[in-house]
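Coordinate inspection notes
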Amino acid sequence: MADLALLSAIVPALDEETAIADVVAGLRAQGADEVIVVDGGSRDATATRAEAAGARVIVERRRGYGRAVRAGIAAARADAGVLLFVDGDGSDRLEAVSDLVGPIRRGEADFVHGSRILGPREPGALSPQQIAAGHVAGRLVRLAYGVAFTDMSPFRAIRRDSLDRLGMREETYGWNLEMLMRAAAAGLRCREVAAGQRTRRGGASKVSGDWRVASRAAWVIGRTFLRLALALRREAKR
């Protein structure tokens, strides 16, 4: 049986050797009972440094953020009642972990989203396109499902049993938006907290650092919203 006192942290990572050890150590310091680093086929020492810092490392060589997260979920200990999702580049403010996990453990929320827009944010931590994408995604979700988000941050926590019921399917950039949409559409008790953002401590951005990649991600996000909105409507009718 899953226990809300037990926390599994899932960290997708690709070529994050500079930051990953500090991320793992920081999560341990914040009370994570296990840290799972999902290595997407790094060409550097990410896996070695993560393991040395105390993480359990699994490899998911198929590219795609959603695939990495799903692999981490599948590997998480079965009795962990809360799952926490964290980036491996050191940009998430890990001191906010208790703000994400606390409402779930207290029975006040099923899903807690850590907004990078709200809270302390270092200069240059978010690109203009990341900020714009977060605002657009948040407004679309609010218009469609009545739940307000200000961002589309990967830094989030959710009850394991609630996640299991959502039927997540996205395999690439659309995963984070899909979770917001499905959590809202399913009537989960959603909360957003101020998480802020640091500049990344190492590696290169897989989305924001290149306008071409960012444009492709924006296209995937827009297409994902429309496709999922239609799919969720069909599911609701059934």
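Below: a short report on this structure. Because the structure is predicted, anything quoted here is derived from the model rather than measured.

So, the environment of F155
- Structurally, the position occupied by F155 is in the loop between α5 (128-145) and β6 (156-159).
- When its relative accessible area of 1% is taken as the criterion, F155 is described as buried.
- Each C-alpha atom, one on F155 and one on Q197, is 9.9 Å from the other, the two residues being 42 residues apart in sequence.
- Those residues in contact with F155, other than ones at most four positions away along the chain, are L84, F85, V86, D92, R93, L94, A96, V97, L100, H113, G114 and A195.

Description of the nonpolar core
- F85 and L163 are the most contacted members of the largest nonpolar core, which has 33 residues in total.
- Of all the secondary-structure elements, those providing two or more residues to this core are β2 (34-39), α3 (65-75), β4 (80-85), α5, α6 (160-166), α7 (175-185) and α8 (211-237).
- If one sorts the elements of this core by residue count, α7 sits on top with seven residues.
- Apart from residues no more than four positions distant in its own chain, F85 is found in contact with I10, V69, I73, P154, F155, R156, I158, L163 and M179.

Description of the pattern of salt bridges
- Using the criterion set out here, one finds 20 salt bridges in the structure.
- Between E171 and R70 there is a salt bridge; the shortest N-O distance is 3.8 Å. Within this pair, whereas E171 is found in the loop between α6 and α7, its partner R70 is found in helix α3, the two being separated by 101 residues in sequence.
- We classify R70 as partly exposed; its relative accessible area is 35%.
- Here R191 makes a salt bridge to E108, at a shortest N to O gap of 3.3 Å. Taken together, the positions of R191 in strand β7 (residues 190-194) and E108 in the loop between α4 (97-105) and β5 (111-115) put the pair 83 residues apart, joining distant regions of the chain.
- Note on R191: relative accessible area 32%, which makes it partly exposed.
- A residue is classified by how much of its surface remains accessible, and E108, at 36% relative accessible area, is partly exposed.
- One continuous salt-bridge network, built from bridges that share partners, spans R169, E178, R182 and E235.

So, the sheet that holds β2
- Ordered in space as β3-β2-β1-β4-β6-β5-β7, the seven strands form an open sheet in which the pairing is mixed. The two strands at the open ends of the sheet, each matched to only one other strand, are β3 (56-59) and β7. Along the sheet, successive strands turn relative to each other by an average axial angle of 20°, direction set aside.
- Across five bridges, the pairing between β5 and β7 is parallel. The residue of β7 that forms the bridge with V112 is R191.

Here we look at unusual backbone geometry
- Backbone geometry places D15, a non-glycine residue, at a positive phi of 55°.
- With respect to the helices and strands, D15 occurs in the loop between β1 (3-13) and α1 (20-29).
- You can call D15 partly exposed: its relative accessible area is 22%.

Scoring rules and cut-offs
- Residues numbered from 1 in each chain as written.
- Predicted model: local features only at pLDDT ≥ 70, side-chain atom pairs only at ≥ 80, totals over all residues.
- Heavy atoms only, no water.
- Helix = DSSP H or I, 4+ residues; strand = E, 2+ residues; numbered from the N terminus.
- Buried < 20%, exposed > 50% of the residue type's maximum accessible area, 1.4 Å probe, protein only.
- Contact = heavy atoms within 4.5 Å.
- Core = buried A, V, L, I, M, F, W, Y, C linked by side-chain atoms within 4.5 Å.
- Salt bridge = Lys/Arg side-chain N within 4 Å of Asp/Glu carboxyl O.
- Pairing = 2+ DSSP bridges.
- Axes fitted to C-alpha atoms, helices over the stretch in contact; angles between N-to-C directions.

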